[in-house]
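# Breakdown of the fold
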Amino acid sequence: MKRSWSGRRAMTVERAVVALNREGEGVAEDATIIPGGLPGERFGAPPGQPLSRLTSSPERQPPVCPHFGVCGGCAAQHMSAALYGAWKQGLVVDALARRGLPAHVGALWRAPDAARRRAVLTAQRVGGRVLLGYHRRRSHDLVDVQSCPVLRPEIVAALPALRAAVSPLVQPGHPVQVHVLACDNGLDVALSVARRLTRAERSTAAEKALGLPGLVRLTLNGEELARLAAPRLVIDGVAVEPPPGAFVQAVAEAEREMAARVASALTGAKRAADLFCGLGAFTFPLARHMRVAAADSDASAVAALSAAARKGVRLKPVSAMRRDLFRAPFSAAELNAYDAVVFDPPRAGAAAQASQIAKSKASRVVAVSCNPETFARDAAILVAGGYRMGEVGPIDQFVYSTHVELVAAFER
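The following refers to the structure shown. Every value quoted in this text rests on a predicted model; they were computed, and no experiment measured them.

This part takes up the overall build of the protein. A tally of helices and strands in the protein yields 9 helices and 23 strands. Since a compact globule built from 412 residues should have a radius of gyration of about 22 Å, the 24 Å found for the protein is in line with a globular shape. Principal-axis analysis of the C-alpha atoms gives the protein an extent of 80 × 60 × 30 Å. Counting all 412 residues of the protein, 50% fall into the buried class. Look at the contacts in the protein between residues 6 or more apart in sequence, and 61% of them connect residues 24 or more apart. Working note: accessible area of the protein is about 18,300 Å², and carbon and sulfur atoms make up 53% of it.

Encoded structure:
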């Protein structure tokens, strides 16, 4: 920290940014957090005033979105590609190191821009206007999004019509959550409203939604209001109809990349357990070569996977079951029937399931995660149980955000 004096003898405090934290914020040498700061930059201000940037890093670049710095969705549009990649790799390296797991972390695979097919937006009435967008950084207030460089173009093009469609449902103090999924054949829109709606409101929303370009289905609190076609996602050649608001990997290209890594790591296996299977992002690629038992707590996702498997061609047998793998993980004895296991849990990780895998005889395991911290915890359990961890591959599915996915294979 440096103090300097102006002609008016007012002290100016200067701070130099020396690192980035997990949120992509600058950290000064005295541990002061400087949002938007990059390593090597200096910030300063008179006492009681917010810090302003005095010098700029050569790693700084102009953001690609006019909402950057206000919208809470992106944290790293101001970083060069090199700095950005090193920061995201570092999130994985640091998480593993904290668990005593030095590992080779591979190069960051980055999803294309304008590729995110899934968005969760909020509609809120403020005065006489309805805002539709994302929350401001560290706030419950909304940024009214007119464009978004990470979303698929068809979602961005639909934002004005989507805002008009939900406006009749939005009352002061009663926001509407809007799930939009760009399926392979159009937009699937799922609305969630906490208050009780009148028949007229529901009818108006359905009528206005018909003006959405490319709409295939509209649901409200799980009830279908409009269907122009069955929404369809094709996973490794298998057509799946996603349930309303279902979890889907945000970027199709990232899903295919992760599935390819999972399948490659399990080449030659005969029977696999796909745990936290969702709609079958890994189930169907694996079922091209081996029998697969899939499990997930989401009953609607399991039903959709099962229906798709029955219609799939050139698949090995697929069985799917609803099971809460947090409360009732596959036991080691059950897992002994499989020579391969893949698990892709939510952000909370899967400590209980990892403990059972560690006690099993499964020769190969692949862990997929959206949270380096809980991945490192679960990986440490597997390593303590006698598995050797291979290269950890970071997958940048949510570009410009603080999130990073990863895939790693384990062998006995």
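On to unusual backbone geometry, then. Unlike most non-glycine residues, Arg138 shows phi in positive territory, near 55 degrees. Within the secondary structure, Arg138 is located in the loop between strand 9 (129-135) and strand 10 (142-144). For Arg138, a relative accessible area of 62% gives the class exposed. With phi around 50 degrees, Asn221 is a residue other than glycine that occupies positive phi space. Looking at where Asn221 falls in the secondary structure, it is placed in the loop between strand 13 (215-220) and strand 14 (223-227).

To continue, consider the pattern of salt bridges. Counting across every chain of the model gives 25 salt bridges. Between Arg137 and Glu25 there is a salt bridge, with its nearest N and O atoms 3.8 Å apart. In this pair, Arg137 sits in the loop between strand 9 and strand 10 while Glu25 sits in the loop between strand 2 (11-20) and strand 3 (26-28), placing the two residues 112 residues apart along the sequence. In this structure, Arg377 engages Asp378 in a salt bridge whose closest nitrogen and oxygen atoms are separated by 2.9 Å.

This next bit is on the sheet that holds strand 21 (residues 364-369). Spatially, 8 strands are ordered 7-22-23-21-20-17-18-19 in an open sheet, and the strand pairing comes out mixed. Bordering the open sheet on either side are strand 7 (109-110) and strand 19 (318-322), each of which pairs with just one other strand. Taken together, the 4 bridges between strand 17 (residues 271-275) and strand 20 (residues 340-343) define a ladder with parallel strand orientation. Its bridge partner lying in strand 20, Leu275 is registered against Phe343. Contacting strand 7, strand 22 (388-396) and strand 23 (405-411), helix 1 (residues 81-98) runs over the sheet at an angle of about 145 degrees to strand 22.

So, about the nonpolar core. Core analysis: the largest hydrophobic core is formed by 105 residues, its most contacted members being Val178, Leu275, Phe375 and Phe410. Looking at this core, the element that brings in the most residues is helix 1, giving 7 residues. Setting aside chain neighbours within four positions, we find Leu275 in contact with Ala295, Leu325, Phe330, Leu335, Val341, Val342, Phe343, Asp344 and Gln353.

Right, let's talk about helix 1 for a bit. Across its 18 residues, helix 1 extends 26 Å between first and last C-alpha, which sits within 8% of the 26 Å expected from 1.5 Å per residue. For helix 1, the full list of buried residues reads Leu83, Tyr84, Gly85, Trp87, Lys88, Gly90, Leu91, Val92, Ala95 and Leu96. Looking one or two places after helix 1, you find Gly100, whose phi comes out positive at around 70 degrees.

An ideal rise of 1.5 Å per residue puts 18 Å on 13 residues; helix 9 (residues 372-384) measures up with 18 Å between its terminal C-alpha atoms. Restricting attention to buried positions, one finds in helix 9 the residues Pro372, Thr374, Phe375, Ala376, Asp378, Ala379 and Leu382. Just beyond helix 9, the residue with positive phi is Gly386, at close to 110 degrees.

Right, let's get into the sheet that holds strand 10. The strand order 10-9-8-11-12-13-14 describes an open sheet built from 7 strands, whose pairing is mixed. At either margin of the open sheet sits one strand with a lone partner, and together these are strand 10 and strand 14. Put simply, the sheet's adjacent strands are angled 30 degrees from each other on average, direction ignored. Where strand 8 (residues 118-126) meets strand 11 (residues 176-183), 6 bridges bridge the pair, whose relative direction is antiparallel. Opposite Val120, over in strand 11, you have His179 as the bridge partner. In the packing of helix 2 (residues 153-166) onto the sheet, the strands contacted are strand 8, strand 9, strand 10, strand 11 and strand 12 (186-193), and the crossing angle to strand 11 comes to about 145 degrees.

Within a regular beta strand, the side chains point alternately toward one face of the sheet and then the other, so they alternate between its two faces. Of all 6 residues that make up strand 18 (residues 291-296), 5 are buried, and the element is covered over most of its length. For strand 17 and strand 18, the ladder comprises 5 bridges, and the chain directions are parallel. Residue pairing for strand 18: Arg271 is matched across the bridge by Arg291. Sheet analysis places strand 18 next to strand 19, joined by 5 bridges and oriented parallel. Residue pairing across strands places Ala295 opposite Met321, the latter belonging to strand 19.

The next thing to look at is the side chain of Asp274. Its location among the elements puts Asp274 in strand 17. The buried charged residue Asp274 lacks any salt bridge, with Arg288 as its nearest oppositely charged partner at 13 Å. Residues within four places of Asp274 in sequence aside, it is in contact with Phe282, Thr283, Val292, Ala293, Ala294, Ala295 and Val342.

Moving on, we get to empty space enclosed by the protein. One pass over the full model with this rule turns up 3 cavities of 30 Å³ or more. Its volume calculated, the largest cavity comes out at about 40 Å³. Residue assignment for the lining of the largest cavity shows that the elements contributing at least two residues are strand 21 and helix 9.

Rules used in this analysis
Residues numbered from 1 in each chain as written. Predicted model: local features only at pLDDT ≥ 70, side-chain atom pairs only at ≥ 80, totals over all residues. Heavy atoms only, no water. Helix = DSSP H or I, 4+ residues; strand = E, 2+ residues; numbered from the N terminus. Rg over C-alpha atoms; globule rule 2.2 N^0.38 Å. Buried < 20%, exposed > 50% of the residue type's maximum accessible area, 1.4 Å probe, protein only. Contact = heavy atoms within 4.5 Å. Areas by Shrake-Rupley, 256 points an atom, 1.4 Å probe, with all protein chains shown as cover. Salt bridge = Lys/Arg side-chain N within 4 Å of Asp/Glu carboxyl O. Pairing = 2+ DSSP bridges. Axes fitted to C-alpha atoms, helices over the stretch in contact; angles between N-to-C directions. Core = buried A, V, L, I, M, F, W, Y, C linked by side-chain atoms within 4.5 Å. Expected span 1.5 Å × (residues − 1). Lys, Arg positive; Asp, Glu negative; His and termini not counted. 1 Å grid on protein atoms, 1.4 Å probe; cavity = no way out; pocket = protein on both sides within 12 Å on 5 of 7 lines; lining within 4 Å. Points joined across faces, edges and corners; volume = space filled by probe spheres on them.

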